[in-house]
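So you can see what is in the structure, the chains are spelled out below.
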Amino acid sequence: LKNAAKLSFVYHYSTKEITKNFTFSDSISEIRLLLTNDFFQAELFTTKNDWFLSINEKNKVTLRSKPASTIASPDFSHDKVKQRIIDPANNLYLKELGITNENGQVKPSMFHKFKQINKYIEIVDGIIKDAAFENSISITDMGSGKGYLTFALYDYITNVLKKECCIKGIEFREELVEKCKQISALAGFSNLTFEAGTIKDSNLGNTDILIALHACDTATDEAIFKGITANAKIIICAPCCHKQIRQQLKPSNAAGFITQYGILKERQAEIITDTIRAMIMEAYGYKTNVFEFIETEHTPKNVLIAGVKKSDNEYPDQTIISNIQILKKLFGIKLHQLELFMGLGQ
């Protein structure tokens, strides 16, 4: 910077990040200050060794080293512009949704939501490219809520990817539907519509992508069922609540050592519920991945199940169905709700 090499310090806060640049001598002073007042651990990675420093309550300092985790030389390129998939500047729908202020700046209280929106679009972008759409894309967003992600997805597909896109948001709270309709009209998003309804009663019609984020308990199963029966090319779900399986968990084997503890039983139920959902999608020809949607600091419900249709299975893969039965037997589960919807019986 200004013809001088400096070290860049990034300070992470709950609603923002602050970057400061220091000369080498000032950097040493800053690090010394931080280790004196705020932090009791430090890690230094060089091309020769990795160093680990710790300070205990008695102010005893311990310094350890191990072989370098990387020997690649640092990249000294600069002037990198932070890339945001969704641009907040002059963005009417972000302003109307309360993400940005009148000057197009992200409000401090909405920083995490804006970060979540960009991460969501980044993930969906990769899934869409995997499906290789050539023409227009039809999307149904079940449980669209306030529309944060729905608006951003429409914006990205039409204005960044330059693809023709029709998105229908379905939400049972009529006041949110009316609000989203108004914002869509103001933004000139002619092919982004919203309607009042539920996942159970909705009619998908011709849908390429089905999205259901944070549909509670078996509503996620209803959404996956709708997507599979509509032969959607992509199904994306972020499950929420897992009561149906948790109530059934009664393993008669060593797995009972896990489920005897309340919080671990709850987490085990979440894992099993979403595993069976992913396996059923695989059985019907979907290449399915389960991964973290956003950091747990924002929400503990951060799992995303995404399936891309790879084969048209008229009947489910019986090997996968048999493996599901083995898993259910292991944990004493009688029936998963998605099995019931798909007519797979017990």
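Everything below is about the structure printed above this text.
So, here's what we can say about the structure. Note that the coordinates shown come from a computational prediction; the quantities given were computed from them, not determined experimentally. (Residues numbered from 1 in each chain as written. Predicted model: local features only at pLDDT ≥ 70, side-chain atom pairs only at ≥ 80, totals over all residues. Heavy atoms only, no water.)

### A short note on unusual backbone geometry
For residues that are not glycine, phi is negative in most cases, and the peptide bond is trans in most cases.
Alright, step 1. You will see that N59, though not glycine, has its phi angle at about 70°, which is positive.
Alright, step 2. Here N59 is to be found in the loop between β4 (49-55) and β5 (61-67).
Alright, step 3. In the Ramachandran plot, N231 falls in the positive-phi region, its phi being about 60° despite a non-glycine side chain.
Alright, step 4. As for its position among the elements, N231 is in the loop between α6 (219-229) and β10 (234-240).
Alright, step 5. N231 gets classed as partly exposed once you look at its relative accessible area, which sits at 41%. (Helix = DSSP H or I, 4+ residues; strand = E, 2+ residues; numbered from the N terminus. Buried < 20%, exposed > 50% of the residue type's maximum accessible area, 1.4 Å probe, protein only.)

### So, helix α3 (residues 111-131)
Alright, step 1. Spanning 21 residues, α3 covers 31 Å between terminal C-alpha atoms, matching the ideal 30 Å at 1.5 Å per step.
Alright, step 2. Looking only at α3, the buried set comprises F111, F114, Q116, I117, N118, Y120, I121, I123, V124, D125, I127 and I128.
Alright, step 3. Positive phi appears at A132, one or two residues downstream of α3, with a value of about 55°. (Expected span 1.5 Å × (residues − 1).)

### Description of the pairing of β10
Alright, step 1. Across the 7 residues of β10, 7 count as buried, placing the element largely inside the fold.
Alright, step 2. Burial of β10 is two-sided: the residues I234, I236, A238 and C240 facing one way and the residues I235, C237 and P239 facing the other way are all buried.
Alright, step 3. For the segment spanning strand β9 (residues 209-216), α6 and β10, crossover handedness is right-handed.
Alright, step 4. Strand direction decides the pairing type here: β10 and strand β12 (residues 303-309), joined by 4 bridges, are antiparallel. Bridge pairing in β12 links C237 to I305. (Right-handed = clockwise from strand over helix to strand, strands pointing away. Pairing = 2+ DSSP bridges.)

### Structural notes on a nonpolar patch on the surface
Alright, step 1. A cluster of nonpolar side chains, I258, Y261, I263 and L264, forms an exposed patch at the surface whose accessible area comes to about 350 Å².
Alright, step 2. Mapped onto the elements of the fold, I263 is located in helix α9 (residues 262-283). (Patch = residues over 30% accessible without salt bridge, like charges linked within 9 Å, V, L, I, M, F, W, Y side chains within 5 Å. Areas by Shrake-Rupley, 256 points an atom, 1.4 Å probe, with all protein chains shown as cover. Salt bridge = Lys/Arg side-chain N within 4 Å of Asp/Glu carboxyl O.)

### Let's talk about the packing of α3 against helix α4 (residues 148-160)
Alright, step 1. Between α3 and α4, the shortest axis-to-axis distance is 10 Å and the interhelical angle comes to 50°. Taken together, the axes of α3 and α4 lie oblique to each other. Seen from above, α3 lies across α4 with right-handed handedness. Residues K113, Q116, I117, Y120, I121, V124, D125 and I128 of α3 pack against Y148, L149, A152, L153, Y156 and I157 of α4. (Axes fitted to C-alpha atoms, helices over the stretch in contact; angles between N-to-C directions. Parallel < 35°, antiparallel > 145°, perpendicular 65-115°, else oblique. Left-handed = near helix turned anticlockwise from the far one by under 90°. Contact = heavy atoms within 4.5 Å.)

### What to know about the pattern of salt bridges
Alright, step 1. A complete count under the given rule lists 8 salt bridges for this structure.
Alright, step 2. Residues E178 and K181 are paired through a salt bridge, measuring 3.8 Å at the closest nitrogen-oxygen approach. Remark: K181 and E178 occur in helix α5 (residues 174-187); sequence separation between them is 3 residues, near one turn of the helix.
Alright, step 3. Exposure remark for K181: the relative accessible area of 38% places this residue in the partly exposed category.
Alright, step 4. Between K328 and E339 there is a salt bridge whose closest N-O contact spans 2.9 Å. Linking K328 in helix α10 (residues 318-331) with E339 in helix α11 (residues 337-342), this pair joins segments that are 11 residues apart in sequence. With respect to class, K328 is no different from E339; both count as buried.
Alright, step 5. Salt bridges sharing partners connect three or more residues here, namely D221, D274 and R277.

### What to know about α5
Alright, step 1. Helix length check: α5, at 14 residues, gives a terminal C-alpha distance of 20 Å against a target of 20 Å (1.5 Å per residue), a fit within 8%.
Alright, step 2. In this structure, the buried residues of α5 make contact with α2 (92-96), α4, β7 (165-171) and β8 (192-196).
Alright, step 3. Directly beyond the C-terminal end of α5, a positive phi value near 75° is found at G188.

### Regarding the state of the cysteines
Disulfide: a covalent bond formed between the sulfur atoms of two cysteine residues.
Alright, step 1. Scanning all chains against the criterion turns up 0 disulfides.
Alright, step 2. For the unlinked cysteine C165, the closest cysteine sulfur is that of C166, found at 6.6 Å.
Alright, step 3. According to the relative accessible area criterion, C165 is buried, its value standing at 1%.
Alright, step 4. The partly exposed category is assigned to C166, whose relative accessible area is 35%. (Disulfide = S-S within 2.5 Å.)

### Points about the packing of α9 against α10
Alright, step 1. Closest axis-to-axis distance for the α9/α10 pair is 9 Å, and the angle between their directions is 165°. As judged from the angle between their axes, α9 and α10 are roughly antiparallel. Between α9 and α10 lies a crossing of left-handed hand. On α10, the residues touching Q268, I272, T275, I276, M279, I280, E282 and A283 of α9 are I320, I321, N323, I324, L327, K328 and F331.
Alright, step 2. Here the contact of α9 with α10 is composed, by residue class, of 10 nonpolar, 3 polar and 2 charged. (Nonpolar A, V, L, I, M, F, W, Y, C, P; charged D, E, K, R; others polar.)

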